[in-house]
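As a plain string of letters, each chain reads:
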Amino acid sequence: LIGQAMGCWLSAQIIVEESVSVCGDSYTWKGMTFSMSGDYSYTTTSSTGVDSTTILHLIFLSPEECFEGSPEVLLNINLPNKNGISQVYFSSESDYGYFYENSSISVFEGEEVYISYSLNSGYKSKMVTLNGVIQNNSGNYLEFVMPSSDVELVIDVEFDPSSPSDPQPADTTK
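Quantities reported herein were computed from a predicted structural model and do not represent experimental measurements.

Scoring rules and cut-offs
What you see as residue numbers is a count from 1 along each chain, following the sequence as written. Local features in this predicted model are restricted to residues of pLDDT 70 or higher, and side-chain atom pairs are both shown and tallied only at a pLDDT of 80 or more, whereas totals for entire chains, interfaces and linings draw on every residue. Computation of side-chain values: all heavy atoms of the structure, hydrogens and water removed. By nonpolar core is meant a set of buried Ala, Val, Leu, Ile, Met, Phe, Trp, Tyr and Cys residues that side-chain atoms within 4.5 Å join together. Using a 1.4 Å probe on the protein chains alone, a residue whose accessible area is under 20% of its type maximum counts as buried, one over 50% counts as exposed, and one in between counts as partly exposed. Secondary structure counts use DSSP, requiring at least four H or I residues in a row for a helix and at least two E residues in a row for a strand, with both numbered from the N terminus. The criterion used for residue contact is that any of the two residues' heavy atoms lie within 4.5 Å. At least two DSSP bridges between two strands are needed for those strands to be called paired.

Caption draft 1: Seen up close, the nonpolar core. If you look at the biggest cluster of nonpolar residues, it comprises 23 residues, and the most contacted ones within it are Leu75, Val88, Ile115, Leu153 and Ile155. Counting only elements with at least two residues in this core, the list comes to β8 (72-78), β9 (85-91), β11 (103-108), β12 (112-119), β13 (123-130), β15 (141-145) and β16 (151-159). For this core, the element with the highest residue contribution is β16, accounting for four residues. By size, the runner-up hydrophobic cluster in this structure holds seven residues, among which are Val22, Phe34, Leu58 and Phe60.

Caption draft 2: Looking closely at the environment of Tyr100. Note that Tyr100 resides in the loop between β10 (96-99) and β11. For the pair Tyr100 and Gln87, spaced 13 residues apart in the sequence, the C-alpha separation amounts to 5.0 Å. With residues near it in sequence (within four places) discarded, Tyr100 still touches Leu79, Lys82, Ser86 and Gln87.

Caption draft 3: Fine view of the sheet that holds β16. The strand order across the open sheet built from five strands is β11-β8-β16-β13-β14, with neighbouring strands paired in mixed fashion. The open sheet has two edge strands with one neighbour each: β11 and β14 (133-134).

In structure tokens:
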């Protein structure tokens, strides 16, 4: 209430608008969490009875929009013994796919990258390196943030002699 005029009490309402564009799956505003683009409001009343409403215009950006302007760098996937790998699954915030041989894909700097791979019967993981650094890959997967330069991922596998059958016969021509 802001005063009295001609025997009537006058009231006022304060309206504030905010526009926010976000990357990701959710956005928290004034204690509320949203997962979809839209218009949301929050109203409070002051001790003098004046309502204050804030309207949020929320837009969730696509992964491409989030990384717009970020440099693209190459993720090179090298499979020295591709017979031992049935597939390599790749996902980032802007792309995903399967690979069955040596491949390269463009990824934005700063994106989270997830790689997993499936071994053919009779093979085991030998070594996984990321730019020459050996990675812990006990679960046949790897996660990392794409740096500002090209990356070489090498997934090397070998025949497992404890396997019940030899999927890759020995080379007898040597």
